[in-house]
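Residue-level listing of the chains:
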Amino acid sequence: MKVVLTKVMLALVLIGLGVGINVTYESYRGTGLSSVPELGPRRLEAAQSQASGSPVQSRSEPSSKEAARPDAPVVRPDLAALRSAAVSELTLYPTLAKGMRTPFDLWRYYGRGVSSFSSPILPMRFEQWLEFHRKQKPSLMKDVRSYMAMRFDFSGSTLPDATMSGGKSVMAGPVARLSDEVASYEALAELTPEEVRERDLFPYKPLAHPLQTVAHMVFPESWIKVHPEHRRIDVDMDFPDAYLPEFPPPLFLTTHKELGDVANGREVTIDNYYEIFDGLLTPEQMEGLKELLRPSPTTWFNHTDHRVTELPSRGVACFDCHVNGHTNGAFELGPDSRPNMARLRTDTPTMRGNFNLMQLSSKRSIRSMDHFSEVEEYFDGDPGMQQAIGPRAVKREVTNRMGDFNAILDYPPAPKLDPLMRLVPAKATKAALRGEALFHGKAQCSKCHSGPAFVDDYMHDLQVERFYVGRPEGPIKTFPLRGIKDSPPYLHDGRCPTLHDTVEFFNLVLQLKLTEQEKDDLVAYLLCL
């Protein structure tokens, strides 16, 4: 009898504990308690004070009761002031489940997530997941298109006589829309950073992933037409194809410059790579190329229910984004931060010319091509996902061979440059020659873009938050300018759709005071690189 009573009591306790945990979780989820970035014993007090509307005591002025505690955290007043200045105008991240819409202006938010670790479990059954996105996607994409139209004027205007290496037109700019309060970019450049920030006039604020609770790779329409298995149920590309790299792009090899585009206008695939490259590559390079073309499961493209395609798939290969060793303009999120909404949107960079770089990736310090191949974030940087989805299972000797092929991907030809990467006067226009002088002089481009690849292999913090209310982005790797006309849009998140926008961005951020003619001359020069 006592044993039965004990078991009954234990069962009641467990049931009560389960109910209590569930009630606590429901009252916690979606509130400031789930994301307030406070540390130590004041986290709960601060969150409760915020929720009730009562003032929160400064971290630099602990109460007498707290100060008396031997384990009370010691906060230096100067550091507390720095933190307060950084977040005083920001909003805490909302607590959202997978699939739920996120704000397009995520740069205005800050905070910490519930956990650094993700789960391979959907918040609903897969049939419900499909139906949820069938209903949400049309309205989401309508809002995405409206937002992008508010930010940019994608008029479709092209630069006369300017094409990418494969023949696609280079788009004219700038296309970022200015506020009605300023008459021109030149007028905007006359204002101080403080004035631009105060009046909310900066046209180059960051871009977020349209659905950052899920995030992951979003492919352009040109790719989807050929590879419908990558059509997402939840979100589509937000840039017109005209403002993205050509597809398929030419493929150039350092070992066979005489052949030009080795792919001859074709997309290199697992089905045709042997036919194209047999007799041109070494056996190790062939093996590396095969691995770059071999799909493997990713966080959201895979064979499980944790996916964003209607049908299961084999996953994604390196050359699905870095098509032909270049880029198709697909974007993802940088893997360097959490929560998911703090991660920066990143465009796919070209792999051309990586042999000449000492630092790879935009936010991480990766110093070799085989290391880059090895740590490519197919699982959004969460090894726990591999238990459910499957690991890439690529060993070090295999990634080394992937690096071997990566190491012979060349930049496109630049016939107007001499061996020291200076313009040949007889081949260049007067505008391009003026642009070269500006590049090395007034525009100060060469301070970060130097050498044969026009890059210094450093990371720089441009402190762009001086111009708008937003979370500091920190240092970003300098991008090489060699062959830059083939790689729109620009900056790590694509906020500068054209070369003209990129010049306008740096003219504002570095306060260069360039004239309209000088900016056009710089673009003329960049088209030659």
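Preceding this paragraph is the structure being described.
In this text, all values refer to a predicted model and were calculated from it rather than measured experimentally.

Chemist: Even after reading the chapter, I still don't get the packing of helix 16 (residues 499–509) against helix 17 (residues 516–526), so can you show me in this structure?
Modeler: It is at 9 Å that the axes of helix 16 and helix 17 come closest, and there the two elements cross at 125°. With respect to each other, helix 16 and helix 17 are oriented oblique. The interaxial crossing formed by helix 16 with helix 17 has right-handed handedness. For the pair helix 16 and helix 17, the contacting residues are Leu499, His500, Val503, Glu504 and Asn507 in the first and Lys519, Asp520, Leu522, Val523 and Leu526 in the second. A breakdown of the residues in the contact of helix 16 with helix 17 according to their chemical character gives five nonpolar, two polar and three charged.

Chemist: What exactly am I supposed to notice about the nonpolar core here?
Modeler: The tendency in soluble globular proteins is for nonpolar side chains to be buried side by side. In terms of nonpolar packing, the biggest core is built from 83 residues, with Phe202, Tyr204, Phe219, Phe439, Phe454, Leu522 and Leu526 touching the most fellow members. Elements supplying a minimum of two residues to this core: helix 5 (126–151), strand 3 (158–163), strand 4 (169–171), helix 6 (185–189), helix 8 (221–226), helix 15 (430–440), helix 16 and helix 17. Here this core gets eight residues from one element, more than from any other, and that element is helix 5. Both of domain 2 (88–151 + 207–411) and domain 3 (157–204 + 414–529) provide at least three residues apiece to this core. Of all hydrophobic cores here, the second largest spans 22 residues; its members include Leu253, Ile276, Met351 and Val394.

Chemist: Help me understand the side chain of asparagine 272, please; the structure alone is not making it clear to me.
Modeler: Note that asparagine 272 resides in the loop between helix 8 and helix 9 (273–277). Side-chain polar atoms of asparagine 272 contact the backbone oxygen of glutamate 267, separated by 3.0 Å. Engagement of the side chain of asparagine 272 in a polar contact is seen with the backbone nitrogen of threonine 269, the distance being 2.8 Å.

Chemist: Got a minute to help me understand empty space enclosed by the protein in this structure?
Modeler: In this approach the atoms are scanned with a rolling probe the size of a water molecule, which exposes any empty space left behind. Within this structure, the stated rule accounts for six cavities of 30 Å³ or more. Lining the largest cavity are 15 residues; nearest its centre among them are Trp107, Pro206, Leu207, Leu344 and Arg471. Tallied by class, residues from the lining of the largest cavity come to eight nonpolar, two polar and five charged. The residues that make up the lining of the largest cavity include at least three from each of domain 2 (88–151 + 207–411) and domain 3 (157–204 + 414–529).

Chemist: Where do I start with unusual backbone geometry in this structure?
Modeler: A negative phi angle characterises most non-glycine residues, just as the trans form characterises most peptide bonds. A cis amide bond, omega 5°, links arginine 338 with the succeeding residue proline 339. Along the chain, proline 339 falls in the loop between strand 5 (331–333) and strand 6 (345–347). A cis geometry characterises the amide bond from proline 488 onward to proline 489, with omega recorded as -5°. In this model, glutamine 444 sits at a positive phi of 60°, which is unusual for a non-glycine residue. By relative accessible area, glutamine 444 is classed as partly exposed at 32%. Residues other than glycine seldom take positive phi values, yet glutamine 511 does so here, at roughly 55°. Following the sequence through the fold, glutamine 511 ends up in the loop between helix 16 and helix 17. Exposure remark for glutamine 511: the relative accessible area of 38% places this residue in the partly exposed category.

Chemist: Mind showing me how you'd approach the pattern of salt bridges here?
Modeler: Oppositely charged side chains can form a pair if their charged atoms are brought close together. Applying the stated rule across the entire model yields 26 salt bridges. As a salt-bridge pair, aspartate 153 and arginine 177 come within 3.8 Å of each other at their nearest N and O atoms. Of this pair, aspartate 153 sits in the loop between helix 5 and strand 3 while arginine 177 sits in the loop between strand 4 and helix 6; the two residues are 24 residues apart in sequence, bridging distant segments of the chain. Classification of arginine 177 as partly exposed rests on a relative accessible area of 40%. In the salt-bridge network here, residues are joined through shared partners; they are Glu287, Lys290, Glu291 and Arg294.

Chemist: Would you explain the pairing of strand 3 in this entry?
Modeler: Within a regular beta strand, the side chains point alternately toward one face of the sheet and then the other, so they alternate between its two faces. In the sheet, strand 3 pairs with strand 4 via two bridges, with the strands oriented antiparallel. Note on strand 4: the bridge partner recorded for threonine 158 is methionine 171.

Chemist: Sorry if this is basic, but what is going on with the environment of valine 175 here?
Modeler: Relative to the assigned elements, valine 175 resides in the loop between strand 4 and helix 6. Its relative accessible area of 3% is what places valine 175 among the buried residues. Sequence-wise, valine 175 and arginine 151 are 24 residues apart; in three dimensions their C-alpha atoms are separated by 8.5 Å. Apart from the residues lying within four places of it in its own chain, the contact partners of valine 175 are Arg151, Phe152, Asp153, Phe154, Tyr243, Pro497, Thr498 and Asp501.

What counts as what
- Residues numbered from 1 in each chain as written.
- Predicted model: local features only at pLDDT ≥ 70, side-chain atom pairs only at ≥ 80, totals over all residues.
- Heavy atoms only, no water.
- Axes fitted to C-alpha atoms, helices over the stretch in contact; angles between N-to-C directions.
- Helix = DSSP H or I, 4+ residues; strand = E, 2+ residues; numbered from the N terminus.
- Parallel < 35°, antiparallel > 145°, perpendicular 65-115°, else oblique.
- Left-handed = near helix turned anticlockwise from the far one by under 90°.
- Contact = heavy atoms within 4.5 Å.
- Nonpolar A, V, L, I, M, F, W, Y, C, P; charged D, E, K, R; others polar.
- Core = buried A, V, L, I, M, F, W, Y, C linked by side-chain atoms within 4.5 Å.
- Buried < 20%, exposed > 50% of the residue type's maximum accessible area, 1.4 Å probe, protein only.
- Domains from an automatic or database assignment.
- Polar contact = N/O pair within 3.5 Å; in protein donor to acceptor, adjacent residues only side chain to side chain.
- 1 Å grid on protein atoms, 1.4 Å probe; cavity = no way out; pocket = protein on both sides within 12 Å on 5 of 7 lines; lining within 4 Å.
- Points joined across faces, edges and corners; volume = space filled by probe spheres on them.
- Salt bridge = Lys/Arg side-chain N within 4 Å of Asp/Glu carboxyl O.
- Pairing = 2+ DSSP bridges.

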